[in-house]
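# Structure assessment
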Amino acid sequence: MSNLSRRIFILGGLTTASVAALQLGAMAQPSAAASAPFPFTLGVASGEPDDNSVVLWTRLAPTPTNADGQGGMPNADVAVDWQVSTNPNFTTLVSSGTSTARYAQAHAVHVLAGGLAPDSEYYYRFRAQGFVSPVGRTRTAPAPNTVGRDFTMAFASCAHYEQGYYTAYRRMADDRPDLILHLGDYIYEGGATAGAVRQHLGSEIVSLADYRRRYALYRSDPDLQAAHAIAPWLVVPDDHEVENNYANMVRADSSPVLTAAQWTARRTAAYQAYFENMPLRAAATPSGNGIQLYRRVRWGTLATFHMLDTRQFRDDQACGDGTKVCADADLPARSITGAAQEAWLLDGMGQHLSTWDLIGQQVFFARNVNSAGAMNMDAWDGYRGSRARIQQGIIDRGVRNPVVLTGDVHASWGNDLKADYANPSSATIGSELVCTSITSTGNGSATTAIPNGSLNPHLRFYSNRRGYVRTHITPSQLTADFRSVATVTEHGAPATTARTFVIHEGKPGLADA
């Protein structure tokens, strides 16, 4: 580990007990000595990079898991200074300013740091109440008309706090990627479980205070803080950021019992807390019970990220959800994205903005049928007309390198996307990389036997360990390492590469490395 990366990781893992060393730090001196407790217990983060700006995030919370969700902050707004530098010692500032952490927003801070150079690395920090925050590393995207440097992107999902330690987040940070995608289930909404590796606080979360407290619990983890501090993130939620398997305004069950108005209030609170705790741009500020999350992020001419939202606009799961044999899943009117988002996605891919069109989204995309002919109604198999339209759109628009990036299923999968899943010899029109979970469902097992593999020959790889996917992307190929850890119920397991695939430019489908 370099001296630089060690410094970032140490800072990312600081607790309130060790804040004295940071007090007043190297930033401009505050007007008065600090009398409040250390407020940066939730770390720092950055996200949504473009070629000249990036969002910087922190949230003031000296006692982060207070039941009122306010993190121990007084009912007052607080001025927060921020700095961006080309080096971690902050000897040369390129951008700085003051933002206001508002009580009404749980003292979350979202700074749009602009005036940055394209394709460049920066360091940032905050100061408030006489304390200096940990230092974060971030970077900008290449200019829209340039390829930029080769870059490393990692993606992950499903980090159930109770089911393991965040070793995989730590290993992602060790890799020093240029960008991290989180594809959903950043938190889980359930109550405390007896006998778990570690426990949630309280019962199932419903109110805004509940959600704020739950994010604070998760964000107090030093391994998660290290992953946020090492690179900018692009995030999209799945279902557990609100409630398991919800679909638009339809709940999956009636537990806990809520009136329609209470359910709407719960969804509103969930998205408000999500925004407050993620490095999102102002365009994602929630409105009513919704939040605008599908968006396109350019990485020069090398890659375009099409980030999808498959929860807020979907039709209800067919046949009552679950794994079913269900003819209704073929109904062409059904959609997992909604018509507007589907048109937006196809239009974006048809623009051919870059070599690689990377679709960051939540649930399993390729067909995955079992011996009874049943499929998962919560995944794209439950919305087969929707999938068919997007795949045909890819073909019609001549999209050369579509790659779907997926979370949700707590196992690693590598898939070819087929023009006709009933005909294995049909054209391969794209690829899907499915990351396993960070911790959800615990340690898993060493098995790599593909479930129902003979029925789904386009499913090329499976692993039941926890971890993430690391990609290295160049104009000629995308290399994907499926990274895994042997245990999450104990701290500190090393990460190993279970399998590496290459996707060659202009040749959809997975090839052996």
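Above this text is the structure in question.
Values in this document were obtained by computation on a predicted structure and should not be read as measured data.

Our focus in this paragraph is the sheet that holds strand β12 (residues 295–299). Two orientations exist for strands paired in a sheet by backbone hydrogen bonds: parallel and antiparallel. Spatially, β12-β13-β15-β17-β19-β18-β20 is the arrangement adopted by the seven strands of the open sheet, whose pairing is mixed. Looking at the sheet topology across the chains shown, the edges are occupied by β12 and β20 (459–463). The average undirected angle you get between the axes of adjacent strands in this sheet is 20°. For strand β18 (residues 412–418) and strand β19 (residues 428–434), the ladder comprises six bridges, and the chain directions are antiparallel. By the bridge assignment for β19, Asn415 is matched with Glu432. On the sheet, helix α7 (residues 384–396) packs against β17 (402–406), β18 and β19 and is oriented at approximately 125° with respect to β19.

Between the first and last C-alpha of helix α5 (residues 260–276) there are 24 Å, a value that for 17 residues agrees with the 24 Å anticipated at 1.5 Å per step. When we look at burial in α5, the residues that qualify are Trp263, Arg266, Arg267, Ala269, Ala270, Tyr271, Ala273, Tyr274, Phe275 and Glu276. Of the surrounding elements, those touching the buried residues of α5 are β2 (54–59), β5 (108–113), α3 (208–219) and β11 (233–235).

Quick look at the packing of α3 against α5 now. Contact pair α3 / α5: the axes reach a minimum separation of 8 Å and the direction vectors enclose 35°. The chirality of how α3 crosses α5 is right-handed. Across the interface between the two elements, Leu208, Tyr211, Arg212 and Tyr215 from α3 touch Arg266, Ala269, Ala270, Gln272, Ala273, Tyr274 and Glu276 from α5. Partitioned by chemical class, the residues of the contact of α3 with α5 number seven nonpolar, one polar and three charged.

This part takes up the packing of aromatic side chains. Going through the model one piece at a time under the given rule, you end up with 21 aromatic pairs. Taking the ring centre of Phe90 as reference, the NZ or CZ of Arg125 above it sits at 3.9 Å. The residue whose ring lies beneath Arg198 is Tyr166, and the NZ or CZ to ring-centre distance is 4.6 Å.

So, about the pattern of salt bridges. Under the defined criterion, the tally for this structure stands at 30 salt bridges. Here Asp119 ties to Arg149 by a salt bridge, and the two come within 3.3 Å at their closest N and O atoms. Here Asp119, found in the loop between β5 and β6 (121–128), pairs with Arg149, found in the loop between β8 (136–139) and β9 (151–156); they are 30 residues apart in sequence, far enough to count as distant. Relative accessible area serves as the criterion here: at 18%, Asp119 is assigned to the buried category. Looking at Arg149, the relative accessible area reads 43%, which means it is partly exposed. Where salt bridges share partners, they join Asp119, Glu121, Arg137, Arg139, Arg149, Arg176 and Asp178 into one cluster.

What counts, and where the lines are drawn
- Residues numbered from 1 in each chain as written.
- Predicted model: local features only at pLDDT ≥ 70, side-chain atom pairs only at ≥ 80, totals over all residues.
- Heavy atoms only, no water.
- Pairing = 2+ DSSP bridges.
- Helix = DSSP H or I, 4+ residues; strand = E, 2+ residues; numbered from the N terminus.
- Axes fitted to C-alpha atoms, helices over the stretch in contact; angles between N-to-C directions.
- Contact = heavy atoms within 4.5 Å.
- Expected span 1.5 Å × (residues − 1).
- Buried < 20%, exposed > 50% of the residue type's maximum accessible area, 1.4 Å probe, protein only.
- Left-handed = near helix turned anticlockwise from the far one by under 90°.
- Nonpolar A, V, L, I, M, F, W, Y, C, P; charged D, E, K, R; others polar.
- Phe/Tyr/Trp six-rings, centres within 6.5 Å; stacked < 30°, edge-to-face > 60°.
- Lys NZ or Arg CZ within 6 Å of the ring centre and 35° of its normal.
- Salt bridge = Lys/Arg side-chain N within 4 Å of Asp/Glu carboxyl O.

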